[in-house]
Amino acid sequence: MTTTLYTSDHEWLAIDGDTATVGITDYAQQQLGDVVFVELPKVGRSLKKAEAAAVVESVKAASDVYAPVTGEVLEANEALAAEPALVNSDAQGAAWFFKIKMADKSELGSLMDEAAYKAHTA
Amino acid sequence: MPVPDDQKSLRQTPLHALHVSLGGKMVPFAGYDMPVQYPAGVLKEHLHTRAAAGLFDVSHMGQLALRPKSGKVEDAARALERLVPQDIVAIAPGRQRYAQFTNADGGILDDLMVANFGDRLFLVVNAACKEADEAHLRAHLADDCVIDSLADRALIALQGPKAEAALAKLCAEAPSMTFMDAGPHEVAGVKCFVSRSGYTGEDGFEISVPAADAERLTRTLLENPDVLPIGLGARDSLRLEAGLCLYGHDIDTATTPVEAALEWSVQKSRRSGGLRAGGFPGAEKILAHFDSGASRRRVGLRAEGRAPVREGAPLFADAAGGEPIGKVTSGGFGPSLNAPVAMGYVPTNLSALGTKLFAEVRGQRLPLAVAAMPFVKNTYKR
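For every chain, the first residue of the written sequence is number 1, and numbering continues from 1 along that sequence. Written order determines the labels here, with chains lettered from A and ligands numbered from 1. Local features in this predicted model are restricted to residues of pLDDT 70 or higher, and side-chain atom pairs are both shown and tallied only at a pLDDT of 80 or more, whereas totals for entire chains, interfaces and linings draw on every residue. The basis for every side-chain value is the complete set of non-hydrogen atoms in the structure, without hydrogens or water.

Per an unreviewed UniProt entry, chain B goes by the name aminomethyltransferase and belongs to Bradyrhizobium diversitatis. In its Catalytic activity (unreviewed entry) section, the UniProt entry covering chain B states "N(6)-[(R)-S(8)-aminomethyldihydrolipoyl]-L-lysyl-[protein] + (6S)-5,6,7,8-tetrahydrofolate = N(6)-[(R)-dihydrolipoyl]-L-lysyl-[protein] + (6R)-5,10-methylene-5,6,7,8-tetrahydrofolate + NH4(+)". UniProt positions are given in the numbering used here, feature names are shortened, and annotations may be inferred rather than shown by experiment. UniProt's Sequence similarities (unreviewed entry) comment on chain B is quoted here verbatim: "Belongs to the GcvT family."

An unreviewed UniProt entry lists chain A under the name Glycine cleavage system H protein, with Bradyrhizobium diversitatis as the source organism. What the UniProt record of chain A gives under Function (unreviewed entry) is the line "The glycine cleavage system catalyzes the degradation of glycine. The H protein shuttles the methylamine group of glycine from the P protein to the T protein."

Let's shift gears to the overall build of chain B. Scanning chain B for helices and strands turns up nine helices and 19 strands. Rg of the C-alpha trace for chain B: 21 Å, near the compact-globule value of 21 Å for 382 residues, within the 12% margin. Along the first, second and third principal axes, the C-alpha atoms of chain B reach 60 × 50 × 45 Å. Remark: exposure states derive from per-residue accessible area (1.4 Å probe, protein chains only) relative to the maximum for the residue type, with buried under 20%, exposed over 50%, and partly exposed in between. Taking all 382 residues of chain B together, 57% fall into the buried category. Any two residues whose heavy atoms approach within 4.5 Å are treated as being in contact. In chain B, the share of contacts with a sequence separation of at least 24, taken over all contacts with a separation of at least 6, comes to 66%. With 42 positive and 44 negative side-chain charges, chain B shows a separation of 4 Å between the mean positions of the two kinds. Only DSSP runs of H or I reaching four residues or more are called helices, and only runs of E reaching two or more are called strands; each is numbered from the N terminus. To get the radius of gyration, use the C-alpha atoms; to get the globule rule, take the number of residues to the power 0.38 and multiply by 2.2 Å. For the charge count, each Lys or Arg is scored as positive and each Asp or Glu as negative, with His and the chain ends excluded. Each charge is placed at NZ for Lys, CZ for Arg, CG for Asp and CD for Glu.

What follows covers the interface of chain B and chain A. If you look at the interface, chain B gives 16 residues, while chain A gives twelve residues. Across the interface of chain B and chain A, roughly 1,200 Å² is buried in total on both sides, 50% from carbon and sulfur atoms. The term salt bridge refers to a side-chain nitrogen of Lys or Arg lying within 4 Å of a carboxyl oxygen of Asp or Glu. Our enumeration of links across chain B and chain A arrives at three salt bridges. Residues adjacent in sequence count toward polar contacts only when both atoms are side-chain atoms; beyond that, a polar contact is any pair of N or O atoms within 3.5 Å, and within protein one must be able to donate a hydrogen and the other to accept it. Where chain B meets chain A, there are ten residue pairs in polar contact (both at pLDDT 80 or more). Considering every element that reaches the side of chain B that touches chain A, the biggest residue donor is helix H3 (residues 42-51) of chain B, with three residues. Under the convention adopted here, Pro, Cys and the residues Ala, Val, Leu, Ile, Met, Phe, Trp and Tyr are nonpolar, Asp, Glu, Lys and Arg are charged, and Gly plus all remaining residues are polar. Here the side of chain B that touches chain A is composed, by residue class, of seven nonpolar, four polar and five charged. Buried area: the accessible area, evaluated with a 1.4 Å probe, that two parts lose upon being put together, summed over both parts.

What follows deals with the sheet that holds strand E6 (residues 52-58) of chain A. In a beta sheet, neighbouring strands pair by backbone hydrogen bonds and run either parallel or antiparallel. Residues and elements named next belong to chain A. Each pair of strands is called paired provided DSSP finds at least two bridges between the two strands. Spatially, E4-E6-E7 is the arrangement adopted by the three strands of the open sheet, whose pairing is antiparallel. Across the chains shown, the open sheet's two edge strands, defined by having one partner strand only, are strand E4 (35-39) and strand E7 (62-66). Shown here is a sheet whose adjacent strand axes are inclined to one another by a mean of 25°, direction ignored. Pairing between E4 and E6: four bridges, direction antiparallel. Looking at the pairing, Val35 lines up with Ser58 of E6. Between the N-to-C directions of two axes lies an angle of 0 to 180 degrees, each axis being a line fitted to C-alpha atoms and, for a helix, fitted only over the stretch in contact.

Residues and elements named next belong to chain B. Examined at the domain level, chain B breaks down into domain 1 (1-292) and domain 2 (295-382). Contacts between the two partners involve 32 residues from domain 1 and, on the opposite side, 27 residues from domain 2. The largest contributions to the domain 1 side of the interface with domain 2 come from Phe179, Leu240 and Glu241, which together make up 28% of the buried area. On the surface where domain 1 and domain 2 come into contact, there are three salt bridges. Arg296 is paired through a salt bridge with Glu259; the nearest N and O atoms lie 3.5 Å apart. Elements represented by at least two residues in the side of domain 1 that touches domain 2 include exactly H3 and helix H8 (232-241). Among the residues making up the side of domain 1 that touches domain 2, the classes are represented as 15 nonpolar, seven polar and ten charged. All the domain ranges listed were derived from an automatic or database domain assignment.

All right, on to the UniProt feature "domain: GCVT N-terminal" (unreviewed entry) in chain B then. Per the UniProt record, the feature "domain: GCVT N-terminal" (unreviewed entry) sits at residues 15-269 of chain B. Secondary structure across residues 15-269 of chain B divides into 25% helix and 31% strand, with the first and last C-alpha atoms of the span separated by 41 Å.

Let's shift gears to the UniProt feature "domain: Aminomethyltransferase C-terminal" (unreviewed entry) in chain B. This chain's UniProt record puts "domain: Aminomethyltransferase C-terminal" (unreviewed entry) on residues 296-377 of chain B. Between the first and last C-alpha atoms of residues 296-377 of chain B the distance is 25 Å; the span itself is 0% helix and 52% strand.

This part covers empty space enclosed by the protein. All names here are of chain B. Using protein atoms alone on a 1 Å grid, points that fit a 1.4 Å probe yet trap it form a cavity, whereas open point sets bounded by protein on both sides within 12 Å along at least five of seven lines form a pocket; residues with an atom within 4 Å of a point count as lining. Grid points are joined across faces, edges and corners, and a volume is the space filled by probe spheres set on the points. If you walk through the whole model with that rule in mind, you get three cavities of 30 Å³ or more. Approximately 80 Å³ is the volume attributed to the largest cavity. Every residue lining the largest cavity is counted, 13 residues in all, and those nearest its centre are Gln96, Phe122, Val124, Ser195 and Glu206. Its residues placed into classes, the lining of the largest cavity shows nine nonpolar, three polar and one charged.

Working note: regular strand, side chains alternate between the two faces of the sheet. Residue and element names in this part refer to chain A. Buried residues dominate strand E3 (residues 19-24), accounting for five of its six residues. Examined bridge by bridge, strand E2 (residues 11-16) and E3 share six bridges and lie antiparallel to one another. Of the residues in E3, the one forming a bridge with Glu11 is Ile24. Where E2 hands over to E3, the hairpin turn is made up of two residues, of which Gly17 adopts a positive phi near 65°. Looking at chain direction, E3 and strand E9 (residues 98-102) are connected through four bridges and run antiparallel. When the sheet's bridge partners are listed, Thr21 is paired in E9 with Lys99.

It is worth spelling out the packing of aromatic side chains at this point. Aromatic rings from Phe, Tyr and Trp, with only the six-membered ring used for Trp, were paired whenever their centres fell within 6.5 Å, and each pair was classed as stacked if the ring planes differed by under 30 degrees, edge-to-face if by over 60, and tilted otherwise. Using the criterion set out here, one finds six aromatic pairs over all chains in the structure. Each ring, one from Tyr6 of chain A and one from Tyr117 of chain A, has its centre 4.7 Å from the other, and the planes form 10°; the classification is stacked. With Tyr6 of chain A in strand E1 (residues 3-6) and Tyr117 of chain A in helix H4 (residues 114-121), the pair connects residues that are 111 residues apart, well separated along the chain. A ring pair is formed by Tyr98 of chain B and Trp264 of chain B, whose centres lie 5.5 Å apart and whose planes are at 20°; its orientation type is stacked. Within this pair, whereas Tyr98 of chain B is found in strand E5 (residues 96-102), its partner Trp264 of chain B is found in the loop between H8 and helix H9 (283-292), the two being separated by 166 residues in sequence. Here a set of aromatic residues connected by ring pairs shows up, and it is made of Phe117, Phe122 and Phe193 of chain B.

This next bit is on unusual backbone geometry. With omega at 0°, the peptide bond leading from Met373 of chain B into Pro374 of chain B counts as cis. Mapped onto the elements of the fold, Pro374 of chain B is located in the segment after strand E19 (364-371). Despite not being glycine, Ala50 of chain A has its phi angle at roughly 80°, a positive value. With respect to the helices, strands and loops of the structure, Ala50 of chain A is situated in the loop between strand E5 (46-47) and E6. A relative accessible area of 55% means that Ala50 of chain A is categorised as exposed. Although it is not a glycine, Ala30 of chain B adopts a positive phi angle of roughly 50°. On the secondary structure map, Ala30 of chain B appears in the loop between strand E1 (25-29) and strand E2 (32-37).

See below:
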């Protein structure tokens, strides 16, 4: 069974064993507005927690997406390159950004659950 | 919720309450609290303006009247020619022209619109420059003109292919105006100044309206289902696709009109050999640029990929190594082109259409080509 956790920078992580699927939250996509470009990390790249891992651009501006945990990129969602607007229509579903094999699951301790994230964005 | 200090000091246009009631996302811009977008979002607002009609609040911009002390508008025109490289005398009554205030170094202090209303000149200047512009006018033209700051007026832009039909319902003369016509007209019974111009590349109008009537007139225009309110976000993407300069970004005190590729805006009468050649600040340098060329030039840039190339990105001649040859001054995503668009300055020898260049974005060199502007064909009613 998967658990979804959140960062204060508005990324979500769906945890399944040692693998985390990472995306940006619905709140984040609303703040960004219409997404027109997504740059994803290369498969195999080692990411450190809090390192810039991906870029999401709206008409107005570019924003970094940070690695919420340390680990190695297992897969990137190439569908986003072809259809960046998926981020607006299904941010917490089909518009996942990348999957990462976590190096240190203790890092998850500092993340928020859904209730805490809701309070964070209220 | 407590209001932060920096928001307390922001000024509001006469349409501020309307923006808030329409769900506008308000941001600080040039000292004003302005809508960057409405709930439709930048992309839809942009595309709607090109497909139907968009309504923009540009009341933050400065509006000024120059009234000739002699009573003859030509005298005001001659006086203004001391500050701009344009032929102002030749602007016929009821017509408008694009101009720039230049400085002694040939740089641009601001860009503006100048209309001849028959008895006076009407000027529209940028919000961020308006106090400085007014002081500049008072310092140089006070002997010849009474300078009225029209701070009690709002300015509304109505832009897009359905702008004419929307305005015609409230102003019978609107359809007979052509691009750059300008003058006093009644709109919905209110005494306004109307010009057929704008900042989107689309046909459209700018309407100067007394502040007290601004909200009522705007609400009346918005009752038309073809007309949607448009924020500053789409205003920027529309003008970028139209290849139009944004003051402080694409032009500033360090760029001459020739470097900025604005030669078309300087009439022959003010150039070397013309009837009233020179006689404006920085004439020596600007005329030398006309006569011998400038070493750099503002160009349009199209990217090969999908990644937007934004303001400040350094430009390179090669895919690796070398020093920057220029930089991007405006850039982003063009919704009508569904592709990134940018403009920037490059050495004149690299400014030919089709020249391959590279922009550095997040450490990568992205391929670009020099491209013709406007990026989207303009639809002015000539």
